[in-house]
Amino acid sequence: RFYFYISALSVSVRFDNCLSRQIPQYIAVNLITTTTVNPCTPHLGSRMRLLDLVTTPLSWVRAIFFVLNTLIVCLVETLVLLPVYPFKLLFPQLYITFESFLYSKCGEAFVPVFTLLPQLRIYTDTMFDIEQVTRQRAMVMVNHQESGDVPVMMCLVANFNISHTTTWISDRMFKWTQFGIPAQWHNCFWSAEGNKAAVVKQLRDHFSTTYFDRGHKWIVFFPEGGYLRNRGESARRWAAKNDLPMLTHCCLPRATAFVNVHQAVRGDIIPVPDPVEEVVDVTIAYKGSRDLSLSDVVFGRFSHTEVYMNFRSYKVSEMPREEKELETWLYARYQEKDEMLARFKETGEFVEGNTFTHMALPRRRILGSLLFWYITAFFVLDFYRSLFGHVLALADRLI
């Protein structure tokens, strides 16, 4: 069984070009296209396919597959890690390496696989080479217009193959979802409303110790603390009350998390090895009638197909160190971000002379991750079936 398992995994790693590119592309274009073609969008074409006419059944099939796929991946990873978790005490570095490998496979098998469909296209700004900061420690702050921002960032992380060194700051409400459980194994941070002093202490403790102990690089978070459609009005009221900039296309960020994480990872609280040197500001914009939501990804509603990403980078050594000054700096960046989004809505570019390139996701690696989890699921379930069989047989003999 072990030999067959290793052989099967090698097949998934060596995924053939014909299988990984031609067949999925054929299926995506001819079978599981669930969005009505928009003739006003040139890259979609004007020819409507037969299956586009029955969007509802196929959308539900796609959604069911999405839920089952994420549940299977989450369950299998948990069943794999449970018996090896005690080894974390004896061989911590070996355990971290193994868990990080599984987490990267999770990240590739969850949302990014659905962007292999031709309807959704992600474009990145060519004025800044984001790849140069993927291998170093960085705080990555992202505007949060809709729930689709998260899978877009997952696609970016998967594209550069840095899921295993990425930690997320997420809301506690997602902690026990099929996305949250793998993130718990990976020691991501969960924020929650409550006692501010307690939250600050948890942030500082986590990013002064755990973040460095696990060898993580990127810290991905959404400083606004919620979607624009939910927080827009309340954020503007709060800004007017405190004499802060009034933003339209994004919300004023909640500075507490940013300030405390920033102080922790640059070593202001306790000395840290290899402190963070960059803060990367990511701005996501959508071309279409509305922003991309997670339900659009799940059900395949990609009528607004183009996602654009702008990057700006700041040296930590050049940023202010005092809390108030750092808050002012953050508000200024979001005011600039709001102006960039307004310009993009009007002209299709964030700044003058903006150019973009299509981010082609690694199909072989993503589809190979799916195959990896399905093969692993077979052997994991077989292992636990045999284990429970032996336990029951032992119990019968004892009785």
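Above this text sits the structure in question.
Not measured: the values here are computed from a predicted model.

Asker: Explanation requested: the overall build of the protein chain in the structure shown.
Answerer: Counting its regular elements, the protein chain contains 13 helices and eight strands. For the protein chain, buried positions account for 50% of its 399 residues. Within the protein chain, contacts between residues at least 6 apart in sequence are counted, and of these 77% link residues at least 24 apart. Roughly 19800 Å² of accessible area belongs to the protein chain as shown, and the carbon and sulfur atoms make up 61% of that amount.

Asker: For this particular structure, what's the right way to read the nonpolar core?
Answerer: The nonpolar side chains of a soluble globular protein tend to be buried with one another. With 60 residues, the main nonpolar core has M153, W168, W218, V282, I284 and M309 as its most contacted residues. Apart from residues lying up to four places away in sequence, V282 is in contact with V140, M141, V142, N143, M153, M309, N310, F311 and K337. Core analysis: the next-biggest nonpolar cluster, separate from the first, contains 39 residues, V265, V279, A285 and L330 among them.

Asker: Teacher, can you tell me more about the pairing of strand β1 (residues 121-125) here?
Answerer: If a strand is regular, its side chains alternate between the two faces of the sheet. The buried fraction of β1 amounts to four of the five residues, a majority that puts the element mostly inside the structure. The pairing of β1 with strand β7 (residues 306-315) spans four bridges and is parallel. Looking at the pairing, I122 lines up with V307 of β7. Here three bridges tie β1 to strand β8 (residues 356-358), and the two strands are oriented antiparallel to one another. For D125, the partnering residue across the bridge sits in β8 and is F356.

Asker: I'm lost on the packing of helix α8 (residues 196-213) against helix α10 (residues 255-265) in this one. Help?
Answerer: In contact at an axis separation of 9 Å, α8 and α10 are set at 35° when each is read in the N-to-C sense. Along this stretch, α8 crosses α10, giving a crossing that reads as right-handed. Contact residues: α8 offers K196, V200, L203, R204, F207, S208, Y211 and F212, while α10 offers T256, A257, N260, V261, Q263, A264 and V265. Of the residues in the contact of α8 with α10, the class split is nine nonpolar, four polar and two charged.

Asker: I'm lost on the side chain of S369 in this one. Help?
Answerer: With respect to the helices and strands, S369 occurs in helix α13 (residues 363-398). Separated by 3.0 Å, the side chain of S369 and the backbone oxygen of R365 make a polar contact. For S369, the contacting residues outside a window of four places in its chain are K105, E108 and A109.

Asker: Would you explain helix α6 (residues 149-159) in this entry?
Answerer: One turn of the α-helix equals 3.6 residues, which is why residues spaced by three or four share an orientation. Counting buried positions along α6 yields ten of eleven residues, so the element is predominantly enclosed. Regarding α6, the residues found buried are D149, P151, V152, M153, M154, C155, L156, V157, A158 and N159. Immediately downstream of α6, the backbone of N161 shows phi near 55°, a positive value.

Asker: Whenever I open this one, the packing of aromatic side chains confuses me. Can you help?
Answerer: Any aromatic ring pair is given by two values, namely how distant the centres are and how the planes are angled relative to each other. Scanning the model with the defined rule gives 20 aromatic pairs in all. Ring plane angle 85° and centroid distance 5.6 Å describe the contact between F101 and F372, whose orientation is recorded as edge-to-face. Pair noted here: F101 is in helix α5 (residues 92-109) and F372 is in helix α13, with a separation of 271 residues, a long-range link. F372 sits in the buried class, given a relative accessible area of 6%. The interplanar angle of 15° and the centroid separation of 5.0 Å between the aromatic rings of Y123 and Y308 together place this pair among those described as stacked. Of the two residues, Y123 sits in strand β1 while Y308 sits in strand β7, which places them 185 residues apart along the sequence. For the pair Y123 and Y308, one class covers both residues: buried. Just above the ring of F372 sits the side chain of K105; from NZ or CZ to the centre is 6.0 Å. Here the guanidinium or amino end of K337 rests over the ring plane of Y334, the centre of that ring lying 5.1 Å away.

What counts and how
Residues numbered from 1 in each chain as written. Predicted model: local features only at pLDDT ≥ 70, side-chain atom pairs only at ≥ 80, totals over all residues. Heavy atoms only, no water. Helix = DSSP H or I, 4+ residues; strand = E, 2+ residues; numbered from the N terminus. Buried < 20%, exposed > 50% of the residue type's maximum accessible area, 1.4 Å probe, protein only. Contact = heavy atoms within 4.5 Å. Areas by Shrake-Rupley, 256 points an atom, 1.4 Å probe, with all protein chains shown as cover. Core = buried A, V, L, I, M, F, W, Y, C linked by side-chain atoms within 4.5 Å. Pairing = 2+ DSSP bridges. Axes fitted to C-alpha atoms, helices over the stretch in contact; angles between N-to-C directions. Left-handed = near helix turned anticlockwise from the far one by under 90°. Nonpolar A, V, L, I, M, F, W, Y, C, P; charged D, E, K, R; others polar. Polar contact = N/O pair within 3.5 Å; in protein donor to acceptor, adjacent residues only side chain to side chain. Phe/Tyr/Trp six-rings, centres within 6.5 Å; stacked < 30°, edge-to-face > 60°. Lys NZ or Arg CZ within 6 Å of the ring centre and 35° of its normal.

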